[in-house]
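Architecture and fold: a report
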Number of protein chains: 2
Amino acid sequence: MADLAGAAHREFFAVRTVAETLAGFRPAHRTTVETVALDDAQGRVPAEPVLAPHELPGFARSTVDGYAVRAADTYGASEGLPSYLDVAGAVAMGRAPEVDVAPGVAVAVPTGGVLPPGADAVVMVEHTQEAMAGTIEVVRPAAPGDGMVRADEDARAGAELVPAGRPLRAQDLGVLAAAGATSVRAHARPRVAIVSTGDEVVPPATAALEVGQVRDASAVALAALVRDAGGAPDPRGIVPDDRDALHAALRAAVAECDVVVVSAGSSVGARDETAAAVAALGAPGIWTHGIALRPGKPTLLAEACGVPVIGLPGNPRSALVVFRLVGMPVVRLVGGMTDPPPEPSVRARLERDIPSAAGRLDVVQVAVRDGVATPLFGASALLSILTAADGYVVVTDDATGLPAGTEVDVTLYR
Amino acid sequence: MADLAGAAHREFFAVRTVAETLAGFRPAHRTTVETVALDDAQGRVPAEPVLAPHELPGFARSTVDGYAVRAADTYGASEGLPSYLDVAGAVAMGRAPEVDVAPGVAVAVPTGGVLPPGADAVVMVEHTQEAMAGTIEVVRPAAPGDGMVRADEDARAGAELVPAGRPLRAQDLGVLAAAGATSVRAHARPRVAIVSTGDEVVPPATAALEVGQVRDASAVALAALVRDAGGAPDPRGIVPDDRDALHAALRAAVAECDVVVVSAGSSVGARDETAAAVAALGAPGIWTHGIALRPGKPTLLAEACGVPVIGLPGNPRSALVVFRLVGMPVVRLVGGMTDPPPEPSVRARLERDIPSAAGRLDVVQVAVRDGVATPLFGASALLSILTAADGYVVVTDDATGLPAGTEVDVTLYR
């Protein structure tokens, strides 16, 4: 009963706010940098800006189907008083032009074709008509630069194509391909150990449960969030609530991975074993024993031999809430992601009051329909609340709850 | 020059609005259903709801560290007048209880432990104190159900754990693991052929370009968007602007894939070749030749032998805009996704006027900083506008532009 007796005391040891945690727990460890083929680079984080090796598109290019001209030859042109130009030829797609544009001359050019020397604009075909064989009438004036892009308009040589620290998006891959960058120097995906603990926890494949056993719901869900944060999950199975077994599992995880996540057991006794095992891993050790967060207070953050260790509450729902709020940012940081992608969110009106206590950040699951957010209350042990939720509302430390009707920001699950 | 002469006419053939397109182009084809291991099921789309094979958690469970009691034994308890209960034993984590809770009796139970028979509540350890060996004082009353969850509180047997049609999220995987569902029946990822065309287009790995050549920027970027829509990209290389070559490439793609995407060439002539090749693929054929969308008007939608074919504009930026707006919904539909994940967005104030014409939907790229959205204007051929953008603003068909200062919804890129 010693475990129970000490619980109330230990709960209040070194509790930090979520804001303090996000600002203060900033492990220095970063993953190594590797060369990644462009086809595999979606979501990968460049370790340095990628610069244009040459100007893009590399040649002055028509952006319309029409005629390359000297703009001055079209000044004043109108339906009533068109400019007449001699058509000296046509540019073929993907080929260098074979004729120049001299004064009084036009050269047919397709969208994307190379502007012939001497031309400084392209007149859309819709603004021309054939006058006689080999001659066109231009019925609207063009200004220099109309209907074309300059050779360096998409990028000057040496310009930054994509920044470091931001995961590569579809269009970033496109511009890299355009520049001939077939690979990119990117941070390795953080390898994230997921250590499940608990004498009651059995593998998901367990067909029939004994009374008191529960299948490991956290590992597969945490693995999904690790991937969402750009990491590579490394599930390391279920370790019993035993200090030596736990210490051995954690020591191996710290040696082999970039981040270690451990479900710290649900009971105070199990959590104490985890804390002791983490403390024994090495300097600088435990950074906080708890976060002013509901659910998720019994969260442990540590750094051992340079590797961040995140001890999550034992119940899967609290574990997922904490990992979203403070674990994913750590994974992103270690993976070099200084500019994380935006999360979906929506403004909605609260259907009911949300009670809360000041000095603690509350994460409340909500269902959203037609602009109304309905809080889903229930024991933090219930996973069904999370699967029924479309997202969550944060009640900040300084608030003592939110009344029905409040406009709130709902962070949406994807 | 025949190509140029007919351009203005063909542009206005069978143009649909974006809304008409999304509502009207609804191919019936769906991917087959396959069994997917839970570890690989993130983002996969269940083909049918998954039901709980048994109740969850499966046994009445403590949610606190404390003492299982009969609630009636604690009624009226206070600091001044505690209830005295005999401690008959302790429940071990993951084990069946060895003692019952009779009237006047308490059994110690850790968070997550099984409730012993006879108990209907758990008193938190913080609300008790040891009176003498084997006896506790309860100083706050508990109501039935306090400090515990019922055996079927997370799910009744047969309850829906996850719905069909919604991609599996982290918590969905968690609840499936808890229920022992180690695999799920899900739609196969739509295999999406990406056919690049254009006599000027060369592979990204081309080290030195001839004048007039451009590297294929669209394929790798479209592949990323296909993955974002839950599909499996199948890049099929670059086909010349030649009707026979194009027809052969498209026929093979339609036979082997669930969706076919073809960059339809930038010039009117190239687009005509694509349209002719698509029309020859089979019934029901071309659904629209154009969408009232800027950029992206020269978009072709067709269905050939039950497979949707999407002809995108030749320039990469327009192609990406169109594929986000109308291509990704088609990929999701074919993959059985009836409830797509939310997209990130933010409200922002326009820094400058956006001009637009009524009757056409405009997609304007913007940079967002401190709640201000700055429109990024430039030729639609420029990819750099997309890489500089944080997201885009849609100006609907009925609007003739948006004045500076308007509050707009920005869809954010991730």
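This one's a predicted model, so the numbers in the text were calculated from it and none came from an experiment.

A few words on the overall build of chain A. Each helix and strand counted, chain A has nine helices and 30 strands in total. Relative to the compact-globule value of 22 Å for 414 residues, chain A shows a C-alpha radius of gyration of 31 Å, a clear excess of over 25%. Taken along the three principal axes of its C-alpha coordinates, chain A extends 105 × 50 × 40 Å. By residue count, 55% of the 414 residues in chain A fall in the buried class. When contacts within chain A are restricted to residue pairs at least 6 apart in sequence, long-range pairs at least 24 apart make up 71% of them. Here chain A has roughly 16,000 Å² of accessible surface; of this, 52% comes from carbon and sulfur atoms. Taken together, the 33 basic and 49 acidic charged side chains of chain A have centroids lying 7 Å from each other.

Turning next to the packing of helix α6 (residues 243-256) of chain B against helix α7 (residues 268-279) of chain B. Residue and element names in this part refer to chain B. It is at 9 Å that the axes of α6 and α7 come closest, and there the two elements cross at 45 degrees. Taken together, the axis directions place α6 and α7 in an arrangement best described as oblique. When the axes of α6 and α7 are compared, the crossing they make is right-handed. Along the contact surface, α6 presents R243, L246, H247 and L250, while α7 presents E273, T274, A276, A277 and V278. Residue composition of the contact of α6 with α7, grouped by class: five nonpolar, two polar and two charged.

In this section: the interface of chain A and chain B. Put simply, an interface is often sized by how much accessible area is lost when its parts join up. Listed per partner, the contact involves 82 residues of chain A and 82 residues of chain B. When chain A packs against chain B, close to 6,900 Å² is buried across both sides, 63% of that on carbon and sulfur atoms. One salt bridge in this structure joins R61 of chain A and E200 of chain B, with 3.8 Å as the shortest N-O distance. For the pair chain A and chain B, the interface holds 27 residue pairs in polar contact (both at pLDDT 80 or more). For the side of chain A that touches chain B, the secondary structure elements donating two or more residues are α1 (2-5), α2 (7-11), β5 (66-69), α4 (170-178), β16 (214-215), α5 (218-228), α8 (316-334) and α9 (384-388) of chain A. With eight residues, the top contributor of residues to the side of chain A that touches chain B is α4 of chain A. Among the residues making up the side of chain A that touches chain B, the classes are represented as 45 nonpolar, 17 polar and 20 charged.

Here the focus is the sheet that holds strand β9 (residues 128-132) of chain B. All names here are of chain B. As summarised here, the arrangement of the six strands in space is β8-β5-β7-β6-β10-β9, forming an open sheet in which the pairing is mixed. Bordering the open sheet on either side are β8 (121-124) and β9, each of which pairs with just one other strand. The mean inter-strand angle of the sheet, taken between neighbouring strand axes irrespective of direction, is 40 degrees. Relative to strand β10 (residues 135-138), strand β6 (residues 83-90) runs antiparallel, the two sharing four bridges. What sits directly across from Y84, in β10, is E137.

Residues and elements named next belong to chain A. Of all residues in chain A, 97% attain a pLDDT of 70 or more, and the chain-wide mean is 93. Scored below 50 in pLDDT, residues 1-12 shows 20 contacts in the model against residues more than four places distant or in partner chains. At the level of chain-chain contacts, confidence expressed as ipTM amounts to 0.94, with global pTM at 0.94.

Turning to the relation of the copies chain A and chain B, a few remarks are in order. Of the two same-sequence chains, chain A is brought onto chain B (RMSD 0.0 Å, axial shift 0.0 Å) by a rotation of 180 degrees. Interpreted geometrically, this transformation is the action of a two-fold axis. Judged by C-alpha distance, P344 of chain A is the residue of chain A that lies nearest the rotation axis, at 1.7 Å.

Take helix α5 (residues 218-228) of chain B next. Taking burial as the measure, the eleven residues of α5 of chain B include nine buried ones, the bulk of the element. Taken together, the buried positions of α5 of chain B are occupied by S218, A219, V220, A221, L222, A223, A224, L225 and V226 of chain B. Here the buried face of α5 of chain B lies against α4 of chain A together with β14 (191-197), β17 (232-239), β18 (259-263), β23 (307-312) and α8 (316-334) of chain B. G230 of chain B lies just past α5 of chain B and shows a positive phi near 90 degrees.

Turning our eyes to something else, we now look at the sheet that holds β23 of chain B. Residue and element names in this part refer to chain B. Sheet architecture is open: six strands sit in the order β17-β14-β18-β23-β22-β19, paired in mixed fashion. Edge positions in the sheet fall to β17 and β19 (284-288), since each of these pairs with one other strand and no more. This sheet shows a mean twist of 20 degrees between the axes of neighbouring strands, independent of strand direction. Against the sheet, α5 touches β14, β17, β18 and β23, its axis set at about 160 degrees to β14.

Two side chains that carry opposite charge are able to pair once their charged atoms sit near each other. For the structure on display, the rule yields 30 salt bridges over all chains. Two residues, R360 of chain B and D362 of chain B, come together in a salt bridge whose shortest N-O distance is 2.8 Å. Residue class for R360 of chain B comes out partly exposed when judged on its relative accessible area of 22%. On the basis of relative accessible area, D362 of chain B is assigned to the buried category, the value being 2%. Here the residues in one salt-bridge network are R191, D234, R236 and E256 of chain A, joined through shared partners.

Okay, the side chain of R166 of chain B next. One can find R166 of chain B in the loop between β12 (160-162) and α4 (170-178). Polar side-chain contacts of R166 of chain B include one of 3.4 Å to the backbone oxygen of T387 of chain A. A polar side-chain atom of R166 of chain B sits 3.2 Å from a polar atom in the side chain of D172 of chain B. Once you skip the residues sitting within four places of it in the chain, R166 of chain B turns out to touch T387 of chain A together with R44, V45, P46, D172 and D339 of chain B.

Glancing now at the pairing of strand β6 (residues 83-90) of chain A. By the bridge criterion, four bridges tie β6 of chain A to strand β7 (residues 105-109) of chain A in an arrangement that is parallel. Paired with A90 of chain A across the bridge in β7 of chain A is A108 of chain A.

Looking at the element boundaries, A133 of chain B is found in the loop between β9 and β10. Through-space distance from the C-alpha of A133 of chain B to that of D86 of chain B is 9.3 Å; in sequence the pair is 47 residues apart.

Thresholds applied
Residues numbered from 1 in each chain as written. Chains lettered and ligands numbered in written order. Predicted model: local features only at pLDDT ≥ 70, side-chain atom pairs only at ≥ 80, totals over all residues. Heavy atoms only, no water. Helix = DSSP H or I, 4+ residues; strand = E, 2+ residues; numbered from the N terminus. Rg over C-alpha atoms; globule rule 2.2 N^0.38 Å. Buried < 20%, exposed > 50% of the residue type's maximum accessible area, 1.4 Å probe, protein only. Contact = heavy atoms within 4.5 Å. Areas by Shrake-Rupley, 256 points an atom, 1.4 Å probe, with all protein chains shown as cover. Lys, Arg positive; Asp, Glu negative; His and termini not counted. Charge placed at Lys NZ, Arg CZ, Asp CG, Glu CD. Axes fitted to C-alpha atoms, helices over the stretch in contact; angles between N-to-C directions. Parallel < 35°, antiparallel > 145°, perpendicular 65-115°, else oblique. Left-handed = near helix turned anticlockwise from the far one by under 90°. Nonpolar A, V, L, I, M, F, W, Y, C, P; charged D, E, K, R; others polar. Buried area = accessible area lost by both parts, 1.4 Å probe. Salt bridge = Lys/Arg side-chain N within 4 Å of Asp/Glu carboxyl O. Polar contact = N/O pair within 3.5 Å; in protein donor to acceptor, adjacent residues only side chain to side chain. Pairing = 2+ DSSP bridges. pLDDT = per-residue confidence, 0-100. Least-squares fit on C-alpha atoms with pLDDT ≥ 70 in both.

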